[in-house]
Amino acid sequence: MSYPIGEPHDAGMMATGDGHRVYWEAYGSPDGKPALVLHGGPGSGASPWWRQFFDPSRYRVVMFDQRGCGRSTPNARDDLAALENNTTAHLIADIEALRDLFGIDRWLLFGASWGSTLGLSYAVQHPDRVSELVLWALVTTRAREVHWLTHVMGEIYPREFDELLSVIPPESRSGNIPMALSVLLRSPDAGVRDRAARAWCAWEDRIATLSGPVVPSQQWQEPSARLGFARLVTHYFGHHAFQADDAITANLDRIRGIPAYFLRGRLDIASPLRPAYEIAQHLPQATLEIVEADAHGAGDDTLERLVRVLDTLSNATTP
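Values in this document were obtained by computation on a predicted structure and should not be read as measured data.

Here we come to the packing of aromatic side chains. Taken as a whole, this structure holds 15 aromatic pairs when the rule is applied. Their ring planes at 85 degrees and their centres at 5.0 Å tell us that W24 and F102 sit as a pair that is edge-to-face. In this pair, W24 is assigned in strand 2 (residues 21-28) and F102 in helix 1 (residues 88-102), connecting sequence segments 78 residues apart. F102 shares its class with W24; the two are buried. Centre to centre, the rings of W50 and F53 are 6.3 Å apart; their planes meet at 45 degrees, and the pair counts as tilted. Across the pair, exposure class does not vary: W50 and F53 are buried alike. Feature note: the residues W49, W50, F53, F54, Y59, F110 and W136 constitute an aromatic cluster, connected by ring pairs. Here R51 stacks its cationic end above the ring of Y27, 5.9 Å away from the centre of that ring.

The structure is reproduced here in structure tokens:
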């Protein structure tokens, strides 16, 4: 069972000093266990949906819209400046600035998909600031995972992949697909931008639907929302998260002492399962649970497991 979705007790905008203003909100008990929500995408935004995982009487939850999306400004849906000063390193700096703003010493990191990449990237740089990791639909956004998302899955869904490729110049179709789309999504031609955004979002919907007709995401039906999301996700995926391929895996020793819970659906074909398995193998305090029936989203089994883990960890002390 999840918790009722309540309202935040505080919200605001944090100036980053380099052209961005990041929206944040605080939820739950001001005296509760500190936790930070890291949304996916990149570019999905921190919707109220995330609050259902936390007991508001026991958690002090901080949520924020990562640079360029949601209520943060500038926004990628209408301003290319949103892509400037927008890398994983910038997001990690924002997390540290938020931690300082709230006067929090250490906090639990809760994230999914791209949020799990960001959570691991932050943790290996600031291990002393992380009390626990609870990450699901875990990915590391390395080059081979981006290749899997496009070219490997193109072998599984050839018709839909050919439709994606059809908007890309022929000379770019065998290479970095998100990067090629990112160029088109910056075009001054509105028609070119929209075709690229539609193509990427249709491909994401295809990967998220394991069987039966593709279920289009309602989030991306509005043209500007579709454009903003596609711009951010291809910006990050095209640059393989703007970090070295081993930025996470070469530094796992730094987080060996952090209790971690990782959850993956075996049928989550948005990325291979092995990276999550290998990371868990290197962390003695990590538990990896695999949900046989779930894909990339939060099915009932996934949701129940995550709530149960967070309930258990809410009793852990954070010095």
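For the bond running from G41 to P42, omega is -5 degrees, close enough to zero to count as cis. One can find P42 in the loop between strand 3 (33-38) and strand 4 (59-64). With an omega of -10 degrees, the peptide bond running from T73 to P74 counts as cis. Mapped onto the fold, P74 is located in the loop between strand 4 and helix 1. Within the chain, N85 stands out as a residue other than glycine whose phi angle is a positive 50 degrees. In this fold, N85 is placed in the loop between strand 4 and helix 1.

Before going further, it helps to spend a moment on the pattern of salt bridges. This model, assessed by the stated rule, comprises 23 salt bridges. Close ionic contact of E292 with R266 constitutes a salt bridge, the shortest N to O distance being 2.7 Å. Remark: R266 occurs in the loop between strand 7 (260-265) and helix 8 (274-281) and E292 occurs in the loop between strand 8 (286-291) and helix 9 (300-313); sequence separation between them is 26 residues. Residue classification places E292 among the partly exposed residues on the basis of a relative accessible area of 48%.

This part is about the layout of surface pockets. Here the second largest pocket defines a volume of roughly 210 Å³. Along the walls of the second largest pocket sit 19 residues, with G43, S44, C69, G70 and R77 positioned nearest its centre. Tallied by class, residues from the lining of the second largest pocket come to 6 nonpolar, 10 polar and 3 charged.

It is worth spelling out the side chain of S314 at this point. Along the chain, the position of S314 falls in the segment after helix 9. Look at S314 and you get buried, because its relative accessible area is 11%. A polar atom in the side chain of S314 sits 3.0 Å from the side chain of R58. A polar atom in the side chain of S314 sits 2.6 Å from the backbone oxygen of D311.

Attention now goes to the nonpolar core. The biggest cluster of nonpolar side chains holds 68 residues, and the ones touching the most others in it are W107, L120, L133, W200, I255 and F262. Of the residues forming this core, the biggest block, 8 residues, is contributed by helix 6 (residues 190-208). With 26 residues, the next largest nonpolar core counts A46, A137, L306 and V309 among its residues.

In this section: the packing of helix 3 (residues 143-156) against helix 6. At their nearest, the axes of helix 3 and helix 6 sit 12 Å apart, and the two run at 65 degrees to each other. Of the two possible hands of crossing, helix 3 and helix 6 adopt the one that is left-handed. In this structure, helix 3 uses L149, T150, M153 and G154 to contact helix 6, whose residues at the interface are W200, W203 and I207. Class assignment for the residues of the contact of helix 3 with helix 6 results in 5 nonpolar, 2 polar and no charged.

Analysis parameters
- Residues numbered from 1 in each chain as written.
- Predicted model: local features only at pLDDT ≥ 70, side-chain atom pairs only at ≥ 80, totals over all residues.
- Heavy atoms only, no water.
- Phe/Tyr/Trp six-rings, centres within 6.5 Å; stacked < 30°, edge-to-face > 60°.
- Helix = DSSP H or I, 4+ residues; strand = E, 2+ residues; numbered from the N terminus.
- Buried < 20%, exposed > 50% of the residue type's maximum accessible area, 1.4 Å probe, protein only.
- Lys NZ or Arg CZ within 6 Å of the ring centre and 35° of its normal.
- Salt bridge = Lys/Arg side-chain N within 4 Å of Asp/Glu carboxyl O.
- 1 Å grid on protein atoms, 1.4 Å probe; cavity = no way out; pocket = protein on both sides within 12 Å on 5 of 7 lines; lining within 4 Å.
- Points joined across faces, edges and corners; volume = space filled by probe spheres on them.
- Nonpolar A, V, L, I, M, F, W, Y, C, P; charged D, E, K, R; others polar.
- Polar contact = N/O pair within 3.5 Å; in protein donor to acceptor, adjacent residues only side chain to side chain.
- Core = buried A, V, L, I, M, F, W, Y, C linked by side-chain atoms within 4.5 Å.
- Axes fitted to C-alpha atoms, helices over the stretch in contact; angles between N-to-C directions.
- Left-handed = near helix turned anticlockwise from the far one by under 90°.
- Contact = heavy atoms within 4.5 Å.

Fair warning: the whole summary comes from geometry, so function is off the table for now.
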